[in-house]
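# What the coordinates show
Each chain, letter by letter, is given below.
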Amino acid sequence: MIQGNTLSWQSSKKTSCSSEGRRKRRGSAGGTRSPEMVLKIPLRRAISLTPEHHPSSGPAELTGPAALKMEVNVLVVGADGVGKSALTVRFLTRRFIGEYGDLESIYSHNVTVDGKDVLFNIWDFPYSQDHSDENFTEEEKRIQWADGFVLVYSICDRASFSIIHQKVQVIKAAKEYLGLEKVPIVIVGNKRDLHHRRTVSSEEGRLLALSMDCEFYEVSAAEAYHGVLLVFHGLLDKIKESKLTTKKGTGIRGIVKSMSAVFARRRTDSL
Ligand SMILES: Nc1nc2c(ncn2[C@@H]2O[C@H](COP(=O)(O)OP(=O)(O)OP(=O)(O)O)[C@@H](O)[C@H]2O)c(=O)[nH]1
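Residues numbered from 1 in each chain as written. Predicted model: local features only at pLDDT ≥ 70, side-chain atom pairs only at ≥ 80, totals over all residues. Heavy atoms only, no water.

Rule in force here: UniProt positions are given in the numbering used here, feature names are shortened, and annotations may be inferred rather than shown by experiment.
Per an unreviewed UniProt entry, the protein goes by small monomeric GTPase and derives from Microcaecilia unicolor. UniProt, in the comment section headed Sequence similarities (unreviewed entry), describes the protein in these words: "Belongs to the small GTPase superfamily. Ras family."

Have a look at this one:
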């Protein structure tokens, strides 16, 4: 069982939630966004966003009396308007407030899961169509920061479903480069309440998740808290599993594997 305790919140900017405001936001991300943009969003606890910093051994572990605590970084990804903020806010507050503005936010939220304190840092990142090198680098940093991923599409928006496959591939490639074998990813079909406007069947979502070794959920952030809770609970389980697998693989075999991955990538890069 998960119980909410404390919540703190940081956001980069708050703009109008009109579609015009959204377009402007996307426009700025599409070229004029400052390289420091991401770093302008301080996490509640100072965490460096450089890939080198990222603990490839999994979520932060504390020692001493705090050993019962666990900290996980979660990145929420998906196309424009699929309900990333709605899902995140539902998990954090149990509420659905309807309009969320065009926010890039990192939330820190303490919950108790099975008697253990867990600090969730959740980065709700608006979708960008910017494919520049700069944006790619920023995306890699976000991926390295995260221990687990919630990939969201809307069941009424086929295009939002179509990008999920590629997003999973990008995330896995970036993580496997650092030697992580099992990347904790959950795929979420949101807006289940709008089933009369459905363009993506549950079966398609489930098959995609199965083929990419991800968990799958269909939920309605608008209608129910429980499904959303299961999403984050399920992701936490995956993160714990991944941590165990990584620990087992950190012997000489793990090192050899990581080195092979690096050299394989260098060979590909030089082609
Ligand atoms: N009917 C229904 N509407 C939803 C649901 N989830 C979100 N919405 C609505 O979808 C719209 C977009 O939701 P957001 O949470 O802002 O989506 P987002 O993915 O964060 O959007 P960006 O920040 O622009 O990338 C809002 O009008 C929400 O009220 C849902 O489960 N059902």
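## Considering the packing of aromatic side chains
The description of an aromatic ring pair rests on the distance of the ring centres and on the angle between the ring planes. Applied cut-off: Two rings belonging to Phe, Tyr or Trp (six-membered ring only in the last case) form a pair when the distance between their centres is within 6.5 Å. Interplanar angles under 30 degrees mark stacking, angles over 60 mark edge-to-face geometry, and anything in between is tilted. A run of DSSP states H or I qualifies as a helix once it reaches four residues; a run of E qualifies as a strand once it reaches two. Both are numbered from the N-terminal end. Buried residues are those whose accessible area, probed at 1.4 Å on protein chains only, stays under 20% of the maximum for their type, while exposed residues exceed 50% and partly exposed ones sit between those limits. As a reminder, the over-ring test applies to NZ of lysine and CZ of arginine, requiring each to be within 6 Å of the ring centre and within 35 degrees of the ring normal.
Per the counting criterion, the structure on display carries seven aromatic pairs. Taking 4.2 Å as the distance between ring centres and 10° as the angle between the ring planes, the aromatic pair formed by Phe-91 and Phe-232 counts as stacked. Residue Phe-91 is located in helix H2 (residues 84-93), and its partner Phe-232 is located in helix H6 (residues 225-248); the two are separated by 141 residues in the primary sequence. A single burial state applies to Phe-91 and to Phe-232, both of which are buried. In this structure an aromatic cluster arises from ring pairing among Phe-91, Phe-120 and Phe-232. When the ring centre of Phe-125 is taken as origin, the NZ or CZ atom of Arg-142, which lies over that ring, is 3.5 Å away.

## Considering helix H4 (residues 158-177)
Selection criterion: Expected span of a helix: the number of residues minus one, times 1.5 Å. Should any heavy atoms of two residues lie within 4.5 Å, those residues are considered in contact. Under this definition, polar contacts are N or O atom pairs within 3.5 Å; protein pairs additionally need one hydrogen-donor-capable and one acceptor-capable atom, and for neighbouring residues in sequence, both atoms have to be side-chain atoms.
Over its 20 residues, H4 runs 30 Å from end to end, which matches the ideal 28 Å to within 8%, given 1.5 Å per residue. Looking at the packing, one finds that the buried side of H4 touches strand S3 (70-78), helix H3 (133-145), strand S6 (148-154), strand S7 (185-190) and helix H5 (202-211). At the N-terminal end of H4, a side-chain oxygen is found 3.2 Å from the backbone nitrogen of Ala-159, two or three residues along, and the residue is Asp-157. Positive phi appears at Gly-179, one or two residues downstream of H4, with a value of about 90°.

## What about the pattern of salt bridges?
Selection criterion: Definition used for salt bridges: Asp or Glu carboxyl oxygen within 4 Å of a side-chain nitrogen of Lys or Arg.
In the structure shown here, the tally under the stated rule is nine salt bridges. Across the pair Arg-192 and Glu-218 runs a salt bridge, and its minimum N-O distance is 3.6 Å. Here Arg-192, found in the loop between S7 and H5, pairs with Glu-218, found in strand S8 (residues 215-218); they are 26 residues apart in sequence, far enough to count as distant. Via salt bridges that share partners, Arg-192, Arg-198 and Glu-218 belong to a single interconnected network.

## Concerning unusual backbone geometry
Of note, the phi angle at Arg-94 is positive, near 70°, even though the residue is not glycine. The residue Arg-94 is located in the loop between H2 and strand S4 (105-113) in this model. Unusually for a residue other than glycine, Lys-191 sits at a positive phi of about 70°.

## Looking at H5
What counts is decided by this rule: As used here, the arc belongs to the directions running from the helix axis to the C-beta atoms.
Those residues of H5 lying buried are Gly-205, Leu-208 and Ala-209. Each buried residue of H5 lies within a common arc of 95° when the element is viewed along its axis, so the set occupies one face. Every exposed residue of H5 that faces more than 90 degrees away from the buried side is listed here: Leu-210 and Ser-211. Where the residues of H5 are buried, they touch S6, H4, S7 and S8. Where H5 terminates, the next one or two residues include Asp-213, which has phi positive at roughly 60°.

## Description of the nonpolar core
What counts is decided by this rule: Buried Ala, Val, Leu, Ile, Met, Phe, Trp, Tyr and Cys residues form a nonpolar core when they are joined through side-chain atoms within 4.5 Å.
Judged by nonpolar contacts, the single largest core of 35 residues is most densely connected at Phe-120, Val-150 and Phe-232. Breaking this core down by element, the ones donating at least two residues are S3, H2, S4, strand S5 (116-124), S6, S7 and H6. Here this core takes eight residues from H6, the largest share from any one element. Once residues within four sequence positions are removed from consideration, Val-150 is found in contact with Val-74, Leu-75, Val-76, Val-77, Val-186, Val-188, Val-231, Phe-232 and Leu-235. Formed by 28 residues, the second largest nonpolar core is a distinct cluster that contains Trp-145, Ala-146, Cys-156 and Val-183.

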